[in-house]
Amino acid sequence: MAHVDRQTWDVVVVGAGGAGLRAAIEAREAGMRTAVICKSLFGKAHTVMAEGGIAASMGNANEHDTWQVHFRDTMRGGKFLNHWRMAELHAREAPDRVWELETWGALFDRTADGRISQRNFGGHEYPRLAHVGDRTGLELIRTLQQKIVSLQQEDERVSGSYEEGLKVFQECTVTRVLTADGQVAGVFCYDRESGRFFVLEAPAVVLATGGIGKSFKVTSNSWEYTGDGHALALLAGAPLINMEFVQFHPTGMVWPPSVKGILVTESVRGDGGVLRNSDGKRFMFDYVPDVFKEKYAESEAEGDRWYEDPDRNRRPPELLPRDEVARAINAEVKAGRGSPHGGVFLDVSTRMPAEVITRRLPSMHHQFKELADVDITAEPMEVGPTCHYVMGGVEVDPDTAAASGVPGLFAAGEVAGGMHGSNRLGGNSLSDLLVFGRRAGLYAAEYVGGLRARPIPEPRSIDAAEAEALRPFSAEEGGGPAENPYALHQELQQSMNDLVGIIRREGEMAEALQRLAKLRVRARRAGVEGHRQYNPGWHLSLDLRNMLLVSECVARAALERTESRGGHTREDRPEMDRRWRNVNLVCQLADDDGAAGDPDPALGQIRLSRRETPPIRRDLLELFDKDELVKYLTDEELSR
Ligand code: FAD
């Protein structure tokens, strides 16, 4: 074994977005020496890009809002596939987490009487999103970073070192979670700049690595979102659930091509923006599904009145959950009623004064002016669906965020599954990060505190991780030309976009699995030239393993689920089927010993099984009308 630096910590947090930072703060406050490691620069995580706000039933904009209403909206949005306990904890604890941010220095926008202002978002019954203009994620990350620095200053006063109790390793990537006798023992990492390998030994690892969007061609996600945490969990032996549910946000930019997919925040619609087709028609009124009919306006006049008088009018259908709006846009474009560049029109210019637009939506104004030369105060935007968020992720215990089956492994934020069911409501991610990030840090610390002995990573697993990471430098050995990692990535993204995208068909998903199997064989020969110092081609070669694993999970689970629900739409099975209401599809590595190498590529790497979800607690079911439950629950559940 070549020399690999080793350091010892109590808790390692992989990811420095909202979930990771909140977990790290909690673990450090519980007295654990905590390391945070992130692929990009500290402060540059997806969370920083979040625009619209944090959903929390503070009741500032409408006093009728409570955690129970938030719970109800979240379950409806997820079409009742959410883990009810996660949805409950999330709705109950989100307001405290927002208040906590203010005590740490965040400053949210205010109402006229000085309370935290809350805005409308799709699927939320009341205005609920605490926000800072359309730059909420920036304020969230800035505040958590500031809290981390203040903890480091405390440590310095006691120990003389800022990094004694809490250290951030930035621009470093984890490629393996190391185990010993099935328990977490640390992580194997490389420093992106120097290419140097190192091991962080720790009995608890919190995965907080975000999403998988870079497996798709059109996405709002940035370069780091290659499903690393999902893959790390699978390779360590932990299952993933709900992977068929990928959220296509209805409004990404469609023009110019270089920025296709970049997000246009839902706040645009929340604040009054409307969707129109090429005939100028507000088409969303034609797309209200039966389950939502009673809750949405039937006419433009009623929808418009709702902004001023929400208690006596129903909300406009532009504010349906994202999956519904994305499908409607897709259908309009397909029917030939799209905009010149293949989207539809999103208009605020005729809905509010220019001064209000630039004050409430400064980033959107800037984004369209700079990137598309469109002034959104004077003309409509062109928008279309973009791959945005993955509902699926690591199966976790709802209270402790502990991953199933691997003691010492925890997961929080977008990498964890269950909370959002088949579709996430806007604003529910930032609150999810804070609620479950805190819980992951807390219970990781408790787990470490309760250990009698610390597992030590096995030397052979470190050797194997090192050999795996170095393979792209010797791809040509053993004959045959090396494969170009960029070409492989493009083929993967195109396949996922075309064959497992917003509208799915059985034959196409089966074809996707075949293409993925071939790509996986080729990816083993992904080769790079040069050396280990800042070599992006090498980094991508390593990321391909992760994207191929998660893509197979998505395709396999999507093929298996023979219904349409939330972020999973099948042309051949267009209806939601109540018999699938309480079924989770569980993805596990086919060859449980991931370190031993990929299993037979023809068979795939993922084993799929079905698991019944736990029954929803009775008092929570009683929050819904019986008429509504009949639309969702299985016959057995209804008879119980
Ligand atoms: P992230 O913030 O994505 O952070 C992941 C971290 O993991 C990063 O630090 C990354 O470098 C690190 N990482 C990844 N892989 C590795 C590895 N192998 N080794 C080391 N580090 C690794 N949600 C809302 O609720 N409200 C909004 O208004 C909203 N707006 C959004 C706008 C945009 C443009 C986008 C893209 C998303 C938006 N979302 C919003 C969704 C939300 O921002 C994300 O779901 C959320 O920020 C994910 O947070 P996270 O902590 O789970 O991960």
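Every chain begins its residue count from 1, and numbering advances along the sequence as written. The predicted nature of this model means local features are confined to residues of pLDDT at least 70 and side-chain atom pairs, given and counted, to a pLDDT of 80 or more, with totals for whole chains, interfaces and linings taken over all residues.

The name an unreviewed UniProt entry gives the protein is Fumarate reductase/succinate dehydrogenase flavoprotein subunit, with Streptomyces lunalinharesii as the organism.

### Brief notes about the site of the ligand
What surrounds the ligand is a group of 41 residues, the closest being G15, G17, H46, G210 and G413. A run of DSSP states H or I qualifies as a helix once it reaches four residues; a run of E qualifies as a strand once it reaches two. Both are numbered from the N-terminal end. Broken down by secondary-structure element, the contributors of at least two residues to the shell around the ligand are α1 (18–29), β3 (34–38), α2 (46–49), α5 (136–159), β8 (172–180) and α12 (428–449). Among the elements that make up the shell around the ligand, the one with the highest residue count is α12 (four residues). Nearness is defined per residue: the C-beta atom, placed using the backbone, must lie within 6 Å of the molecule or strand.

### Things to note about the packing of helix α6 (residues 228–236) against helix α16 (residues 536–560)
Between α6 and α16, the shortest axis-to-axis distance is 8 Å and the interhelical angle comes to 80°. When the axes of α6 and α16 are compared, the pair comes out roughly perpendicular. Seen from α6, the contacting residues are D228, H230, A231 and L234; seen from α16, they are R545, N546, L549 and V550. We call Asp, Glu, Lys and Arg charged. Ala, Val, Leu, Ile, Met, Phe, Trp, Tyr, Cys and Pro are nonpolar, and the rest, Gly among them, are polar. When its residues are assigned to classes, the contact of α6 with α16 shows four nonpolar, two polar and two charged. Axis definition: a line fit to C-alpha positions, over the contact stretch in the case of helices; interaxial angles, taken between N-to-C directions, run 0 to 180 degrees. Roughly parallel covers angles under 35 degrees, roughly antiparallel covers those over 145, roughly perpendicular covers 65 to 115, and oblique covers all other angles. It is the C-beta atoms, placed from the backbone, that decide contacts: two residues are in contact if theirs lie within 7 Å.

### Overview of unusual backbone geometry
A cis geometry characterises the amide bond from W255 onward to P256, with omega recorded as -5°. Relative to the helices and strands, P256 is located in the loop between β13 (246–253) and α7 (267–270). Despite not being glycine, N242 shows a phi value in the positive range, around 60°.

### Considering the sheet that holds strand β6 (residues 129–130)
Pairing between sheet strands relies on hydrogen bonds along the backbone, with the strands arranged either parallel or antiparallel. For two strands to be treated as a pair, DSSP must find no fewer than two bridges joining them. An order of β4-β6-β5 is seen for the three strands of this open sheet, with the pairing classed as antiparallel. Since the sheet does not close on itself, it has two edges, and those belong to β4 (54–55) and β5 (118–119), each with one partner. Strand direction decides the pairing type here: β5 and β6, joined by two bridges, are antiparallel. Of the residues in β6, the one forming a bridge with R119 is L129.

### Observations regarding the nonpolar core
The term nonpolar core refers to a set of buried Ala, Val, Leu, Ile, Met, Phe, Trp, Tyr and Cys residues connected through C-beta atoms within 7 Å. Exposure classification rests on a simple neighbour count of other C-beta atoms within 10 Å of a residue's own: a residue reaching 20 or more is buried, one at 12 or fewer is exposed, and one in between is partly exposed. C-beta atoms are placed from the backbone. Membership of the largest hydrophobic core comes to 180 residues, with the highest contact counts inside it found for V11, V206, F410 and A411. When residues in this core are grouped by element, the largest group, 14 residues, is from α16. Dropping the residues within four chain positions of it, A411 is found in contact with L207, G229, A233, G393, V394, V396, A401, A403, A416 and A440.

### Observations regarding the pairing of strand β19 (residues 583–589)
Of all seven residues that make up β19, six are buried, and the element is covered over most of its length. Pairing of strand β12 (residues 240–241) with β19, which is carried by two bridges, proceeds in the antiparallel orientation. When the bridges of β19 are listed, I241 appears paired with V586.

### Concerning the packing of helix α15 (residues 506–523) against α16
Put simply, α15 and α16 touch, their axes get as near as 9 Å, and they point 160° apart. One element, α15, and the other, α16, form an angle in the roughly antiparallel class. The chirality of how α15 crosses α16 is left-handed. Contacts between α15 and α16 pair E506, M509, A510, A512, L513, L516, L519, R520 and A523 from the former with L544, R545, L548, S551, E552, A555, R556, A558 and L559 from the latter. Here the residues of the contact of α15 with α16 are counted per class, giving 12 nonpolar, one polar and five charged. Should the near helix be turned counterclockwise from the far one by less than a right angle, the crossing is left-handed, whereas a clockwise turn marks it as right-handed.

### Points about the UniProt feature "domain: FAD-dependent oxidoreductase 2 FAD-binding" (unreviewed entry) in the protein
Taking the UniProt record as the reference, the feature "domain: FAD-dependent oxidoreductase 2 FAD-binding" (unreviewed entry) is found at residues 10–430. Between the end C-alpha atoms of residues 10–430 the distance is 26 Å, and the span holds 30% helix and 19% strand. UniProt positions are given in the numbering used here, feature names are shortened, and annotations may be inferred rather than shown by experiment.

### Comments concerning the sheet that holds strand β18 (residues 409–411)
Taken together, the five strands give an open sheet; going across it, the order is β7-β3-β2-β11-β18, and neighbouring strands pair in parallel fashion. Single-partner strands in this sheet number two, and they are β7 (166–170) and β18. Each adjacent strand pair in this sheet contributes to an overall mean axis angle of 20°, direction not counted. Of the pairings in the sheet, the one linking strand β2 (residues 11–14) to strand β11 (residues 204–207) comprises four bridges and is parallel in character. Counterpart to V12 in the pairing with β11 is V205. Most of the contacts of α6 go to β18, to which it runs at about 150°, and overall it touches β2, β11 and β18.

### Some details on the confidence of the model for the protein
Every residue is assigned a pLDDT by the predictor, reflecting its confidence on a scale from 0 to 100. Predicted confidence across the protein gives a mean pLDDT of 94, with 98% of residues reaching 70 or more. Here residues 592–596 is a poorly scored stretch, pLDDT under 50, and it has six contacts once near neighbours within four places are set aside; other chains count. In the predicted assembly, ipTM is 0.99 and pTM is 0.93.

### A word on α5
The span one expects for a helix is its residue count, reduced by one, times 1.5 Å. In this model α5 runs 35 Å from its N-terminal to its C-terminal C-alpha over 24 residues, within 8% of the 34 Å that 1.5 Å per residue would give. Along α5, the residues that are buried comprise T136, G137, E139, L140, I141, T143, L144, K147 and I148. Residues of α5 that are buried make contact with α1, α2, β4, α4 (84–103), β7 and α12. In the segment just after α5, G160 is the residue with positive phi, at about 85°.

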